[in-house]
Amino acid sequence: MPGLIGRKIGMTSVFSADGKNVPCTVIEAGPCVVTQVKTVENDGYKAVQLAYGEAKKSRTTKAMAGIFEKAGTTPKKHLAEFKFDTEYNLGDTITVELFANAEFVDVVGTSKGKGFQGVVKRHGFGGVGQTTHGQDDRARKPGSIGACSYPAKVFKGMRMGGQMGGDRVTTQNLKVLKVIPEHNLILVKGSVAGCNGSTLLIKK
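Each value, and the rule that gives it
- Residues numbered from 1 in each chain as written.
- Predicted model: local features only at pLDDT ≥ 70, side-chain atom pairs only at ≥ 80, totals over all residues.
- Heavy atoms only, no water.
- Disulfide = S-S within 2.5 Å.
- Buried < 20%, exposed > 50% of the residue type's maximum accessible area, 1.4 Å probe, protein only.
- Helix = DSSP H or I, 4+ residues; strand = E, 2+ residues; numbered from the N terminus.
- Polar contact = N/O pair within 3.5 Å; in protein donor to acceptor, adjacent residues only side chain to side chain.
- Contact = heavy atoms within 4.5 Å.
- Salt bridge = Lys/Arg side-chain N within 4 Å of Asp/Glu carboxyl O.
- Pairing = 2+ DSSP bridges.
- Axes fitted to C-alpha atoms, helices over the stretch in contact; angles between N-to-C directions.
- Lys, Arg positive; Asp, Glu negative; His and termini not counted.

How would you summarise the state of the cysteines if you had to cite specific residues and measurements?
With the rule as written, the count across this model stands at zero disulfides. There is no disulfide at Cys 24, and the cysteine sulfur nearest it, in Cys 195, is 18 Å away. You can call Cys 24 buried: its relative accessible area is 0%.

Written out as structure tokens, the structure reads:
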């Protein structure tokens, strides 16, 4: 599916035609430069590699510098591949106008990392007043996690404390409220994963 690389600007709200205040996320989508065109003959599949965000030349590997030089563009920070129906050439620029006629988009981001968390925050266990898994003397603990002599182990996948956040999250079918081509902005209804300034993939 076609798409662009962008970054999350932040959240705001807009008024709909019927006067409702609608929360939305502001995303800077593109402009992205075509740095590689993958073909079935050469690569075994068809796709277009896009690059976004300026990077320092000193922090670019020689291999990547060669790719950017072939495309006739400056070094970029982020790369991603998308499948387009339209044919593109090296060095072409794709802007947010790609979503001008789109009603809904999918947005891929990395959720905020929250460190090591317990079962109440991570999995929504009952905690105080709603003793969970047989516990009776501790407020926010997981309680019983296994049986006795049989099977004498804790099954994989048991909901327990652990690292929370920092995951790749796809939010599907977000309604496109507005596209502002002169500022490379797209406004989508609701929230998307990630902190302000984080990199996103916006798919049509």
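Residue-level account of the side chain of Lys 76, with values.
In this structure, Lys 76 sits in strand E5 (residues 76-82). Of note is the side chain of Lys 76, whose polar atom sits 2.5 Å from the side chain of Glu 54. Dropping the residues within four chain positions of it, Lys 76 is found in contact with Val 33, Ala 51, Tyr 52, Gly 53, Glu 54, Ala 55 and Phe 68.

Just give me the short version of the pattern of salt bridges, but keep the residues and values in it.
This structure, assessed with the given rule, holds four salt bridges. One salt bridge connects Arg 7 with Glu 28, and the closest N-O pair in it is separated by 3.0 Å. You can see Arg 7 sitting in strand E1 (residues 3-15) and its partner Glu 28 sitting in strand E2 (residues 21-29), a full 21 residues away along the chain. Here Arg 7 falls in the partly exposed class, since its relative accessible area comes to 32%. According to the relative accessible area criterion, Glu 28 is buried, its value standing at 19%. Residue Glu 87 is joined to Lys 46 by a salt bridge in which the shortest nitrogen-to-oxygen separation is 3.0 Å. Here the residue Glu 87 occupies a position in the loop between E5 and strand E6 (93-94), and Lys 46 occupies one in the loop between helix H1 (40-43) and strand E4 (47-54), the gap between them amounting to 41 residues. Looking at Glu 87, the relative accessible area reads 58%, which means it is exposed. By relative accessible area, Lys 46 is classed as partly exposed at 45%.

Go over the sheet that holds E6 with me, naming the residues and quoting the values.
Pairing in this open sheet of four strands is antiparallel, and the strands run E5-E4-E3-E6 from one edge to the other. Taken across any chain shown, the strands that pair with only one partner, and hence form the sheet edges, are E5 and E6. For strand E3 (residues 32-38) and E4, the ladder comprises five bridges, and the chain directions are antiparallel. Within E4, the residue paired with Val 33 across the bridge is Ala 51. Here helix H2 (residues 62-71) sits on the sheet and contacts E3, E4 and E5; the angle it forms with E3, its principal contact strand, is near 100°.

How would you sum up the sheet that holds strand E7 (residues 104-110)? Please name residues and give values.
Spatially, E1-E2-E11-E10-E7-E12 is the arrangement adopted by the six strands of the closed barrel, whose pairing is antiparallel. The sheet shows a mean angle of 50° between the axes of neighbouring strands, direction not considered. Note that E1 and E2 share nine bridges and pair antiparallel. From the neighbouring strand, Val 14 faces E2, where its bridge partner is Val 22.

Go over the side chain of Lys 8 with me, naming the residues and quoting the values.
Structurally, the position occupied by Lys 8 is in strand E1. Nearest to the buried, unbridged Lys 8 among oppositely charged side chains is Glu 28, at 14 Å. Of the polar contacts made by the side chain of Lys 8, one reaches the backbone oxygen of Gly 194; its length is 2.8 Å. Excluding its chain neighbours within four sequence positions, the residues that come into contact with Lys 8 are Thr 25, Val 26, Val 192, Gly 194, Cys 195, Asn 196, Gly 197, Ser 198 and Leu 200.

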